[in-house]
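# Observations on the three-dimensional arrangement
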Amino acid sequence: YLLIVTNYSGIAGSITITDTSNSQGGLNCAGIRMNAFLDLNNNGSQQMGESNFQLGSFEYVENNNGISNEVSSSSGFCNVYNQNSTTTYDLSYHVNPEYQSLYTVTIPSYNDIVVPAGGSTQTFNFPIVANQVYNDLSVVIVPLNSPRPGLLWGNKIIFTNKGNQS
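Residues numbered from 1 in each chain as written. Predicted model: local features only at pLDDT ≥ 70, side-chain atom pairs only at ≥ 80, totals over all residues. Heavy atoms only, no water.

## Focus: the overall build of the protein
On a plain count of helices and strands, the protein comes out with zero helices and 12 strands. Each helix and strand of the protein, ordered N terminal to C terminal, gives the series β-β-β-β-β-β-β-β-β-β-β-β. Burial status across the protein gives 32% buried among its 166 residues. Long-range contacts, defined as pairs at least 24 residues apart, comprise 58% of the intrachain contacts of the protein with a sequence gap of at least 6. Split by element, the accessible area of the protein, about 10800 Å² in all, is 52% carbon and sulfur. (Helix = DSSP H or I, 4+ residues; strand = E, 2+ residues; numbered from the N terminus. Buried < 20%, exposed > 50% of the residue type's maximum accessible area, 1.4 Å probe, protein only. Contact = heavy atoms within 4.5 Å. Areas by Shrake-Rupley, 256 points an atom, 1.4 Å probe, with all protein chains shown as cover.)

Structure (structure tokens):
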């Protein structure tokens, strides 16, 4: 058997693995998934074609202890795992300061969220709407190798739409 467990978030948590009678294991990753997305039709739920929003950060506070845990995510979502059903969470999402005039978070926070014991991952959405139309294109040229006389060499061109228009 091979089992690989990776904690990409770096946030302390627990994963419970149990052996069942049918020789297949069970895995419990109960927790919270925070998901920010660009809500194009302003209906509060993520539809096909509405991409995750990456220009902000998630924040959560455990048990109203006043300690804010801020997580920046290039994927537009963040997971927090916890098996303790007595822990409560206050969740929020903040648009980066340089983009705050361009976007509004329509559901900015959730309070006193509990992960039920033995439950699955619960998703909490943070819909983002654009306040104004803007275009922003990023172009980066990355050399694939060093140029040398008489040899082939290449560059990789990466372009990213950072605006809110196609």
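Still more ground to cover, so stick around.
## Considerations on the packing of aromatic side chains
How two aromatic rings sit relative to each other is set out by the distance from centre to centre and by the angle between their planes. In total, this model carries nine aromatic pairs according to the counting rule given. Centroid distance Y110 to F126: 5.3 Å. Interplanar angle 80 degrees. Geometry classified as edge-to-face. Within this pair, whereas Y110 is found in strand β9 (residues 109-114), its partner F126 is found in strand β10 (residues 121-130), the two being separated by 16 residues in sequence. One aromatic cluster is present, formed by F53, F58, Y93, Y103, Y110, F124, F126 and Y134 through successive ring pairs. When the ring centre of F77 is taken as reference, the NZ or CZ atom of R33 above it lies at 3.7 Å. (Phe/Tyr/Trp six-rings, centres within 6.5 Å; stacked < 30°, edge-to-face > 60°. Lys NZ or Arg CZ within 6 Å of the ring centre and 35° of its normal.)

## A short note on the sheet that holds β10
An order of β6-β3-β10-β8 is seen for the four strands of this open sheet, with the pairing classed as mixed. With partners counted over all chains shown, the strands left at the sheet margins are β6 (77-81) and β8 (103-105), one partner each. Taking the axes of each pair of neighbouring strands and ignoring which way they run, one obtains an average angle of 20 degrees across the sheet. As judged from the three bridges shared by β8 and β10, these two strands associate in the antiparallel manner. Each residue of the ladder has a partner; that of T104, found in β10, is V129. (Pairing = 2+ DSSP bridges. Axes fitted to C-alpha atoms, helices over the stretch in contact; angles between N-to-C directions.)

## So, the environment of A36
Its location among the elements puts A36 in strand β3 (residues 31-38). The sequence separation of A36 and Q54 amounts to 18 residues, and the corresponding C-alpha distance is 7.6 Å. Among residues more than four places away in sequence, those in contact with A36 are N52, F53, F58, G76, Y93 and F126.

## Things to note about unusual backbone geometry
Note: most peptide bonds trans; most residues except glycine with negative phi. Positive phi outside glycine occurs at N42, with the angle close to 55 degrees. Tracing the backbone shows N42 in the loop between β3 and β4 (56-62). Judged by its relative accessible area of 53%, N42 falls in the exposed class. Even without glycine at this site, N63 takes up a positive phi of about 50 degrees.

## Focus: the environment of S73
Position of S73 among the secondary structure elements: in the loop between β5 (68-72) and β6. Judged by its relative accessible area of 11%, S73 is buried. The spacing of S73 and Q54 is 19 residues in sequence and 6.5 Å in space, taken between C-alpha atoms. Contacts of S73, omitting those with residues within four sequence positions, involve Q54, G56 and F58. Polar side-chain contacts of S73 include one of 2.9 Å to the side chain of S75. (Polar contact = N/O pair within 3.5 Å; in protein donor to acceptor, adjacent residues only side chain to side chain.)

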